[in-house]
Amino acid sequence: MTWRQRLSARLASQREAGLWRTRLTMTPAPGSRVRDFASNDYLGLARDPRLAEAQAEGGRRFGAGAGASHLVSGHLLPHQLLEERLAELTGRPRALLFSTGYMANFGTLQALCDRQTHLFQDRLNHASLLDGARLAGARSRRYHHGDLADLERLLSRAEAGPRLVVSDGVFSMDGDVADIDGLASTCARHDAWLMIDDAHGLGVLGEHGDGCVGRRFPAERVPVLVGTLGKALGTAGAFVAGDDLLIDTLIQFARPYIYTTAQPPGVAMATLRALDLLETEPERRRRLHEHLDHFRARAKALGLPLLPSPTPIQPLLLGDSARVMRWSLALREAGFMVGAIRPPTVPQGQGRLRITLSGGHRRADIDELLERLAELLAADPEPLP
Ligand SMILES: *Cc1c(COP(=O)(O)O)cnc(C)c1O
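Residues numbered from 1 in each chain as written. Predicted model: local features only at pLDDT ≥ 70, side-chain atom pairs only at ≥ 80, totals over all residues. Heavy atoms only, no water.

1. A few points about the site of the ligand
Around the ligand, a shell composed of 13 residues is seen, among which Gly101, Tyr102, Asp197, His200 and Lys231 lie nearest. Here a nitrogen atom of the ligand sits 3.5 Å away from a polar atom, N or O, in the side chain of histidine 126. Bound to the protein, the ligand loses 81% of the 380 Å² it would expose on its own. When residues in the shell around the ligand are grouped by element, the largest group, three residues, is from helix H5 (residues 101–112). The residue inventory of the shell around the ligand, partitioned by class, reads two nonpolar, eight polar and three charged. (Near = heavy atom within 4 Å. Polar contact = N/O pair within 3.5 Å; in protein donor to acceptor, adjacent residues only side chain to side chain. Areas by Shrake-Rupley, 256 points an atom, 1.4 Å probe, with all protein chains shown as cover. Helix = DSSP H or I, 4+ residues; strand = E, 2+ residues; numbered from the N terminus. Nonpolar A, V, L, I, M, F, W, Y, C, P; charged D, E, K, R; others polar.)

Below, the structure written as structure tokens:
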């Protein structure tokens, strides 16, 4: 087979399976009204003009790009200040900035693990954690979602060797929150380290927006904490927080940290501004949680198939992929963006609309979305799963 034939055949089977992925070109204006219920911009910060201004100021003072990797000459003052602020927010001695969350997970797993390491992952962990385990070449086992007894069983059967348990803090397709206390206690009993990826919890959960781990669980209980900056904080990039031993290990050995250009300094400046707003405008978080309570109560009353999620990720379980596409298209025509999630991102038969709420939404838009959903439910000929 030629290259052209190989690729054409793969693309054809993707299309036939109903899994074709497409992109939309969006043109949001800064400060514009959001009817986007698909983004991870949980506090409505991504389009806040003050962040754009901080980013521009960073560009003027430090350059549009960092010019080099952190270990060469690209570690600029805004990067350093941001690391200090992130360590403070999460209650850890240090934090290390990465260009994306995908790379933070890759680099951490690769730097910590080798063939001797036993890795235990929640079945529903983010793709970057599952892929990172492969890069690390570690022996990887997956326990049933959120099932501490299953994890306990796997840990007690494991042979000698370093053990690392890895979990999302908030699961990105279900919106449920990991039992951090239970995971930390299980790890302590088996002499394992715990790594939590709090991509969707940071900025949203915790009294200070410090996430589902944050200051309540010190580095002794959760030694490896990953957070991302492209979600609630509205910018881009990610970090790993922990003690000196962890951060020094990452700086020395994490290849996805060492061999890449540092993020543009303006992005770090915008994130610093976002962290200011997290502190000075707690009403953003409060509004988000009010929206959440309202949405869940109304959706329940309407008979919509909600999952038990206490976070801004509010999936509606529709089952069939064709129905997921039908509903999401109808919503788009009504002016609403929602995520259409199908296998292989979720298991077969568990297609869903991934609706995300934001402190930047208006109550009237949420109500109109609920109305459209109720109409779709009433008009759908097939029973829900
Ligand atoms: C989004 C996400 C990532 C990746 O973060 P990026 O900065 O977008 O690369 C990692 N882990 C989880 C759980 C995520 O949801």
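2. Comments concerning the sheet that holds strand S3 (residues 118–122)
Taken in spatial order, the seven strands line up as S2-S8-S7-S6-S5-S3-S4 in an open sheet, and their pairing is mixed. Strands with a single pairing partner mark the edges of an open sheet, and in this sheet they are strand S2 (94–98) and strand S4 (139–143). Averaged over all pairs of adjacent strands, the angle between their axes in this sheet comes to 20 degrees, without regard to strand direction. In this sheet, strand S7 (residues 224–228) lies alongside strand S6 (residues 193–197) in parallel orientation, the contact comprising three bridges. Within S7, the residue paired with aspartate 197 across the bridge is valine 226. Taken strand by strand, helix H7 (residues 148–157) contacts S3, S4 and strand S5 (163–168), and its axis lies near 150 degrees from that of S4. (Pairing = 2+ DSSP bridges. Axes fitted to C-alpha atoms, helices over the stretch in contact; angles between N-to-C directions. Contact = heavy atoms within 4.5 Å.)

3. Here we look at the packing of aromatic side chains
All told, the structure shown has three aromatic pairs when counted by the stated rule. Ring centres 5.3 Å apart and planes at 65 degrees place the aromatic pair phenylalanine 98 and tyrosine 257 in the edge-to-face group. Here phenylalanine 98 is found in strand S2, whereas its partner tyrosine 257 is found in helix H10 (residues 255–258), with 159 residues between them in sequence. Across the pair, exposure class does not vary: phenylalanine 98 and tyrosine 257 are buried alike. On the numbers, 5.1 Å between centres and 25 degrees between planes, the contact of tyrosine 102 with phenylalanine 106 is stacked. Taken as a pair, tyrosine 102 and phenylalanine 106 lie in helix H5 at a separation of four residues, close to a single helical turn. (Phe/Tyr/Trp six-rings, centres within 6.5 Å; stacked < 30°, edge-to-face > 60°. Buried < 20%, exposed > 50% of the residue type's maximum accessible area, 1.4 Å probe, protein only.)

4. Examining the nonpolar core
Residues Val165, Phe295, Leu353, Ile355, Leu369 and Leu373 are the most contacted members of the largest nonpolar core, which totals 70 residues. Looking at this core element by element, the count peaks at seven residues for helix H11 (residues 265–280). Excluding residues within four positions of it along the chain, leucine 353 makes contact with Gln314, Pro315, Leu316, Leu318, Val324, Trp327, Ser328, Leu331, Val338, Gly339 and Leu373. Leu164, Val166, Ile247 and Ile251 belong to the second-largest nonpolar core, a separate cluster that totals 25 residues. (Core = buried A, V, L, I, M, F, W, Y, C linked by side-chain atoms within 4.5 Å.)

5. Quick look at the layout of surface pockets
Taken as a whole, the largest pocket spans an internal volume of roughly 1,200 Å³. What lines the largest pocket is a set of 42 residues, and nearest its centre among them are Arg21, Met173, Ala340, Ile341 and Thr345. Secondary structure elements with two or more residues in the lining of the largest pocket: helix H6 (127–136), helix H13 (321–333), strand S10 (337–341) and strand S11 (351–356). With five residues, the single largest contributor to the lining of the largest pocket is S10. (1 Å grid on protein atoms, 1.4 Å probe; cavity = no way out; pocket = protein on both sides within 12 Å on 5 of 7 lines; lining within 4 Å. Points joined across faces, edges and corners; volume = space filled by probe spheres on them.)

6. Topic: the pairing of S2
When you tally the buried positions in S2, you get four out of five residues, the bulk of the element. Two elements, S2 and strand S8 (residues 238–242), share five bridges in a ladder whose sense is antiparallel. Along S8, the bridge assignment pairs leucine 97 with phenylalanine 239.

7. Things to note about the UniProt feature "binding site: pyridoxal 5'-phosphate" (unreviewed entry) in the chain
UniProt records the feature "binding site: pyridoxal 5'-phosphate" (unreviewed entry) at Gly101, Tyr102, Ser172, His200 and Thr228, using the numbering of this structure. Sequence-wise these annotated residues cover 128 residues; spatially they are packed, their C-alpha atoms never more than 13.6 Å apart. Narrowing the list just given to those that line the largest pocket leaves Ser172 and His200. When near neighbours in sequence (up to four residues on either side) are disregarded, tyrosine 102 contacts Ser128 and Asp131. Mapped onto the elements of the fold, serine 172 is located in the loop between S5 and helix H8 (180–189). Using a relative accessible area of 7% as the deciding quantity, one classes serine 172 as buried. In this view, serine 172 contacts His126, His200, Ile313 and Arg354; residues no more than four positions away in its chain are not counted. (UniProt positions renumbered as here; feature names shortened; annotations may be inferred.)

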